[in-house]
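Given next are the chains, with one letter for each unit.
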Amino acid sequence: MAGTLSTDAITQAALPLESPGDLDPLVDVIGDARFVLLGEASHGTSEFYTWRTELSKRLIAAHGFSFIGVEGDWPDCYRVNRYLRHLPDSGTSAEEVLHAFERWPTWMWANREVIGLCEWLSDYNRRRAPEQQVGFYGLDVYSLWDSMRIVVDYLERIDPQLARGARIAYNCFEPYAEDVQEYARATALVPTSCEDEAVSVLRALRSRAEEFREDGREGYFNAEQNALVARNAELYYRTMVRGGPLSWNVRDHHMTETLERLIAHHGPHSKAIVWEHNTHIGDARFTDMARAGMVNVGQLVREAHRRDGVVLVGFGTHRGTVIAAEEWGLPMQRMHVPAARDGSFEALVHDAAVGDALFLFDGSDNGGVSGLDEPLGHRAIGVVYDPHRERWGNYVPTIVPRRYDAFMYIDETRAVDPLHMPVHVGGEPPETYPTGQ
């Protein structure tokens with residue numbers, strides 16, 4: 001297992017990762033691929049955001065990628081998309097638009113690293129016709145109530161009678177006072193749900209698709225997507241309380257379905273960049289997720305689009321700081337990330353003393369790195385994190401070169417710079433921004 005991977009093999013495979021120019025070999029590997037999925041080992045690490053930004057800029061400017069889809073809510077990210085496209089009443093700055101992100105964990109997208117990406121995209125789009133502009137979209141499924149409101153608001157403008165029907169259907173959710181946990185618990189205790197109501201609104205909207213598109217293709221697409229989110233969010237929250245892999249699979253199937261819709265919406269020559277956690281973009285078949293019956297976006301996209309070209313890029317770190325919370329919904333903190341666990345992939349790369357490094361895998365069982373064809377622990381930090389439990393958790397057994405096509409390793413990382421974080425956190429001053437590459 002871990003002992004078969006030598007530091008010499010790692011050293012020979014490692015490419016330098018110090019400046020944007022060091023991305024050239026990865027850009028060459030991506031070539032004409034239609035889907036590039038970029039991971040992260042945590043939701044709160046600055047370097048993961050800044051390196052994904054650098055690579056995304058290259059792919060957009062030189063390879064014609066059409067949009068970025070992220071692990072975020074559709075309504076919040078669609079407001080960002082409107083700003084990037086310079087649409088009326090869409091905000092005066094990226095900071096203003098991102099600061100409006102309110103659903104916990106806000107720091108995932110309301111941070112200064114994302115401001116840099118958004119302002120670059122805004123400048124890029126300003127010089128292009130609407131059909132050539134790059135979009136920014138949320139692929140996630142959490143925004144049940146926000147999405148229902150947007151659907152009703154759209155129908156109020158375009159078809160008040162259908163809006164009344166949608167409002168009546170969505171009133172099924174009213175007793176739960178916008179508390180998804182309460183809705184989930186209620187459907188677990190009583191064999192009833194609002195599934196039929198959520199499905200009926202989506203079906204009614206789609207039955208008028210040709211007519212409604214005449215009022216504006218983009219407006220209809222946004223409304224339809226929110227109706228789809230409402231339908232799938234209802235299913236997600238209803239299955240969540242039962243445990244097991246079902247709710248995870250509902251979520252990743254929804255994100256994949258949304259990605260497919262965006263590819264179709266942007267036309268036959270469109271290309272997609274995806275930003276999500278490693279657990280979503282790294283192929284689940286080469287982790288212990290497969291044994292648990294779980295699938296993910298990376299696996300589903302690979303299976304459906306191998307002929308179109310799919311490149312999965314993982315990220316990892318040995319130590320540093322991160323933004324996370326002790327429990328779901330609690331305030332964010334800047335936490336220390338301890339040195340990677342002995343025997344893990346990150347620890348072995350650190351021991352090889354290669355510094356920040358890029359690894360490109362050749363598609364074989366070991367990716368062209370002798371000894372890398374066995375499962376190794378691979379760090380995964382979520383929005384909830386306890387550094388003291390590193391010995392027992394936070395590692396996913398992974399065959400690294402099968403799970404990813406490339407891997408970007410940052411030896412020591414630092415936390416993102418959230419817009420909503422107080423000036424002083426735990427007695428520490430905020431870390432300096434911006435970062436240098």
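Residues numbered from 1 in each chain as written. Predicted model: local features only at pLDDT ≥ 70, side-chain atom pairs only at ≥ 80, totals over all residues. Heavy atoms only, no water.

Two elements in contact, helix 7 (residues 144–158) and helix 12 (residues 217–240), have axes whose closest approach is 8 Å; the angle formed by their N-to-C orientations is 145°. Helix 7 and helix 12 meet at a crossing whose hand is left-handed. Contacts between helix 7 and helix 12 involve Leu144, Ser147, Met148, Ile150, Val151 and Tyr154 from the first element and Gly219, Tyr220, Asn222, Ala223, Asn226, Ala227, Val229, Ala230, Ala233, Glu234 and Tyr237 from the second. Taken together, the residues that form the contact of helix 7 with helix 12 break down as 12 nonpolar, 4 polar and 1 charged. (Axes fitted to C-alpha atoms, helices over the stretch in contact; angles between N-to-C directions. Helix = DSSP H or I, 4+ residues; strand = E, 2+ residues; numbered from the N terminus. Left-handed = near helix turned anticlockwise from the far one by under 90°. Contact = heavy atoms within 4.5 Å. Nonpolar A, V, L, I, M, F, W, Y, C, P; charged D, E, K, R; others polar.)

Put simply, the protein has an average pLDDT of 93, and 95% of its residues get 70 or more. Between residues 423–437, whose pLDDT stays under 50, and residues either more than four places distant or in other chains, the model counts 30 contacts. (pLDDT = per-residue confidence, 0-100.)

Looking now at the pairing of strand 9 (residues 376–379). Burial of strand 9 is two-sided: the residues Leu376 and His378 facing one way and the residues Gly377 and Arg379 facing the other way are all buried. In the sheet, strand 9 pairs with strand 10 (residues 395–398) via 4 bridges, with the strands oriented antiparallel. Paired with Leu376 across the strands is Thr398, a residue of strand 10. (Buried < 20%, exposed > 50% of the residue type's maximum accessible area, 1.4 Å probe, protein only. Pairing = 2+ DSSP bridges.)

With respect to the helices and strands, the residue Lys271 is situated in the loop between helix 13 (246–265) and strand 5 (272–275). One buried charged residue, Lys271, remains without a salt bridge, the closest side chain of opposite sign being Asp32 at 4.8 Å. One polar contact links the side chain of Lys271 to the main-chain carbonyl oxygen of His63, over a distance of 3.1 Å. Excluding residues that lie within four positions of it along the chain, Lys271 makes contacts with Asp32, Ala33, Arg34, His63, Gly64, Phe65, Ser66, Phe67 and Ile263. (Lys, Arg positive; Asp, Glu negative; His and termini not counted. Salt bridge = Lys/Arg side-chain N within 4 Å of Asp/Glu carboxyl O. Polar contact = N/O pair within 3.5 Å; in protein donor to acceptor, adjacent residues only side chain to side chain.)

Counting residues in each nonpolar core, the largest one holds 56 residues, and the members touching the most others are Ile30, Ile68, Trp107, Trp275 and Met408. In this structure Trp107 touches His43, Gly44, Tyr49, Ile323, Ala324, Ala325, Met332, Val383, Val416 and Pro418, once residues within four positions along its chain are discounted. Leu37, Met255, Leu259 and Leu312 belong to the second-largest nonpolar core, a separate cluster that totals 39 residues. (Core = buried A, V, L, I, M, F, W, Y, C linked by side-chain atoms within 4.5 Å.)

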